[in-house]
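# Secondary and tertiary structure notes
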Amino acid sequence: LRVVGTFSSSQGIAQVFAGISISFCILTSGFTITVNNIPGYFIWIYWINPLAYTMRSVMLLIFSSSAFDEEERDFALDLFSFQTDYVFVWTGFGLLLIYVIMNYGAQVWFLKYFRMESSGARQNIEENVDQSTDTEKVDKADPELVNLEEMEKVSLVFRNLSYSVTAKGQSIDLLNDISGYAEAGTLTALMGSSGAGKTTLMDVVAGRKTSGSISGEIFVNGRLKDKKYFARISAYVEQMDIHSPHVTVEEALIFSAVLRQPESVPYEKKMHFIDQVIETLELEPIRHFEIGFKNSGGLSTEQVKRVTIGVELAANPSVIFLDEPTSGLDSKAALTVMRGIKRVATSGRTIICTIHQPNRSIFESFDRLLLLRRGGRVVYFGKIGTGSKTLLSYFEGVPGTKSIPNARYNPATYMLEVTGAGTNSASLVDYANEYVNHPIYQQNVEAMEKMIENDRGSARPVQFDKEFAASYWMQQQQLLKKCLRTYWRSPNYNLVRYLVLGFMAFLWGLAFFQAVSEGLNETTTVQSLVGVIFMAIIFIGIINMNTTIPQVMFERAPYYRERASKMYSAAPYGIAVTIAELPYLITSTFMFVIIYYFLIGLIPDASKMFLFWWIFFLYITFCTFFGQMLAVLLPNQQVAIILAGLSTTMFSLFCGFIIAVEDIPSFWQFMTYIVPTRYALNALVAIQVYCPCEFAPSNNITDEWCGKNLPGCDLIDVDGVKITAWAYAQEVFGFTNDVYVDMGALIAFIVGIRTITGFGWTYVSHLKR
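Residues numbered from 1 in each chain as written. Predicted model: local features only at pLDDT ≥ 70, side-chain atom pairs only at ≥ 80, totals over all residues. Heavy atoms only, no water.

Our focus in this paragraph is the sheet that holds strand E4 (residues 213-220). Spatially, E2-E1-E4-E5 is the arrangement adopted by the four strands of the open sheet, whose pairing is antiparallel. Both outer strands of the open sheet, strand E2 (170-182) and strand E5 (223-224), are each paired with one neighbouring strand and no more. Pairing geometry for strand E1 (residues 156-167) and E2, over nine bridges, is antiparallel. Pairing of Val-165 across the sheet is with Ile-172, part of E2. In this fold helix H8 (residues 198-206) packs onto E1, E2 and E4, with an angle of close to 115° to the strand it touches most, E1. (Pairing = 2+ DSSP bridges. Helix = DSSP H or I, 4+ residues; strand = E, 2+ residues; numbered from the N terminus. Contact = heavy atoms within 4.5 Å. Axes fitted to C-alpha atoms, helices over the stretch in contact; angles between N-to-C directions.)

Structure below.
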């Protein structure tokens, strides 16, 4: 399996190849299909199969021990047509040792001579952007570009904000009595050293914190903020650019605009607004490109950052929060991003932005600065001024503060150094205390009081009739369109499933070619038929389970972002994902059954074939949705895949094939009732092997009503007694003719798993703030 992982281009592809490899090994191991039933064209695989040698060696060791006499040993080995010569123990040991050395060598060779990495992000898009690097270029804002649609202008005032968390039984203060404001049409910077609390402050003001204790007041247009409706007028651009990878730039913006702008706004007007956003953020050259993944041909970091801003701007918000929008960008890309942000601010929106050590051009594009020190205390809040003169004048007026080295020195760097937030400096001056005792502090307090009073009298309160801008049906329509498009553009997920299911159907069909049509007149034939059905549901189930986990993980983070932005509720999202998945499940399972059914030679009856497919479809649907549930509830992909493997082991162990139901210990018997594989295997075997005869006639079955043409009514000699194949299946495996009960159980499992997943989408979030 390590070799498979070495030459696979992705984790999903590796899991598929691993599944095929394991399937080959188990199928020709002599257990699922006994050796005498393996076709001649596959028998060579049996003789080079490491699992077959392992099984022979282990069985010879066990049954050659003193715990079993010679008769018992021969009976057990003959049951699976294994050789009884003890030399096969050492043959197996030697061959397995050779396989270990060969696999290690193959892994080293692949790692040395092959690279499975992508060539990286798309770099050949010619964008007509101004690459100037001076302040004037950042500050310029073409009125025609920023003439975005009218929106409700909003001012923010936050007063005496404090925030603390509990760690190891102790309360830790992250923000300490912070006050400030942001006016419409201005760009406010939150700065400080790492750990000073700038992102924490922005999260508190934006209402994104999910834990901790918050105190203080936040006013929106002079009134206390209503968290329920604040998300409708605000946008949050996260530091990590989170998008659905299989949508284009334009589609992402349209999706945001349709679901976040009021439904009363005509669709044509929303599309015109999208055109303005694309032009403002200079996204026209990449308008029809899929966002993709940065390391596999997707948009570059700077392009995706502008898309992230565009997605939030498409909602036509009054307030925009940006968490370090230039992080990870070079100076040219950072200037391009900041130029777009400045244009958005010029359109009358209130923008609050955290930023870490910007260059001079970017720093001086901000109107105000709120500077924090470690411990979450304010060091400075006020205007930056033209050429940073206001800011420099303030700090140079504080006793013990050195002057800026020269006129070309970056004011942002100077400010961080003198306050002890730089990389190579520590301050002996308590700048937080100096700020509180400075006249500018009192001026800010008076300005905040005045803003609250004026806004309360002139600005409209932020209120809405409903929590979401779009109606339920509009949410459902847009989500279904998005999910169907995502599935169609995911060949690594869906095309691989079709190829694997087709391959597996041919593999198992050829391995048991026309065996049923020749009659079930031997115990090994019945065992092999049950085994090949068991293999089909287990391996196709786990392949669907494991491939759906990464697919859900790709979409989980965008879902959290969109849910926090009040785009839609969990119910339409869950329904959309379900509907988008079903066409692929229906067609892929039907393709598999058509190939598999007739190659094996199962009963040539349309009603039985369609019933066989329906049960198989229900089980594979359960496995797929079970994988989605794990991806929703568990913290990461690795844990989900581990638990998927553990669950499949439990499904296999208690389904009645590996261990007969009556042989399962009494304290584990309850598992046979809660394992869906038991119901699927029982129904699929019963459809093909059921015989209406209660008892076998002494010679042969001749009564028409007794099903003389049914393979399950073929006679088998068991210790000199003639019984039907169905009776043998009942006696050995405990199967019953309860197909419709099994069908109902599988449907109940699907509904139950989908309900749990819905609760997960509604209440579970692994993005903790």
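Once you've had a look at it, read on.
Quick look at the nonpolar core now. Ranked by internal contacts, the top residues of the largest apolar core, which has 221 residues, are Phe-395, Trp-508 and Phe-592. With 19 residues, the single largest contributor to this core is helix H21 (residues 523-564). (Core = buried A, V, L, I, M, F, W, Y, C linked by side-chain atoms within 4.5 Å. Buried < 20%, exposed > 50% of the residue type's maximum accessible area, 1.4 Å probe, protein only.)

The next subject is the pairing of strand E8 (residues 350-354). Among the five residues that make up E8, five are buried, leaving the element largely enclosed by the rest of the structure. Taking every second residue as pointing to the same face, both faces of E8 are buried, with Thr-350, Ile-352 and Thr-354 on one and Ile-351 and Cys-353 on the other. By the bridge criterion, four bridges tie strand E3 (residues 187-192) to E8 in an arrangement that is parallel. Looking across to E8, one finds that Ala-189 is bridged to Cys-353. As judged from the five bridges shared by strand E7 (residues 319-323) and E8, these two strands associate in the parallel manner. Residue pairing for E8: Phe-321 is matched across the bridge by Ile-352.

This part is about the side chain of Thr-677. Relative to the helices and strands, Thr-677 resides in helix H26 (residues 676-689). A polar contact of 2.8 Å, which involves the side chain of Thr-677, links it to the side chain of Tyr-619. Every residue in contact with Thr-677, bar those within four places of it in the chain, is listed here: Ile-537, Ile-538, Tyr-619, Phe-651 and Cys-655. (Polar contact = N/O pair within 3.5 Å; in protein donor to acceptor, adjacent residues only side chain to side chain.)

Right, let's talk about the side chain of Arg-232 for a bit. Note on placement: Arg-232 falls in helix H9 (residues 227-233). Among the residues examined, Arg-232 registers a relative accessible area of 13% and is labelled buried. Here Lys-466 takes part through its backbone oxygen, which lies 2.8 Å from a polar atom of the side chain of Arg-232.

Moving on, we come to the sheet that holds E8. Strand order across the open sheet formed by six strands is E6-E7-E8-E3-E9-E10, with mixed pairing between neighbours. Both outer strands of the open sheet, strand E6 (234-237) and strand E10 (377-383), are each paired with one neighbouring strand and no more. Sheet twist, expressed as the average angle between the axes of neighbouring strands with direction ignored, equals 15°. On the sheet, H8 packs against E3, E6, E7, E8 and strand E9 (368-373) and is oriented at approximately 155° with respect to E7.

Looking now at the packing of helix H12 (residues 301-313) against helix H13 (residues 331-346). When two helices pack together, you describe them by how their axes are tilted relative to each other and by the distance separating the axes. At a closest axis distance of 9 Å, the pairing of H12 and H13 adopts a crossing angle of 15°. When the axes of H12 and H13 are compared, the pair comes out roughly parallel. Crossing of H12 against H13: the hand is right-handed. For the pair H12 and H13, contact is made by Glu-302, Lys-305, Arg-306, Ile-309 and Leu-313 and by Ala-333, Thr-336, Val-337, Ile-341 and Val-344, respectively. (Parallel < 35°, antiparallel > 145°, perpendicular 65-115°, else oblique. Left-handed = near helix turned anticlockwise from the far one by under 90°.)

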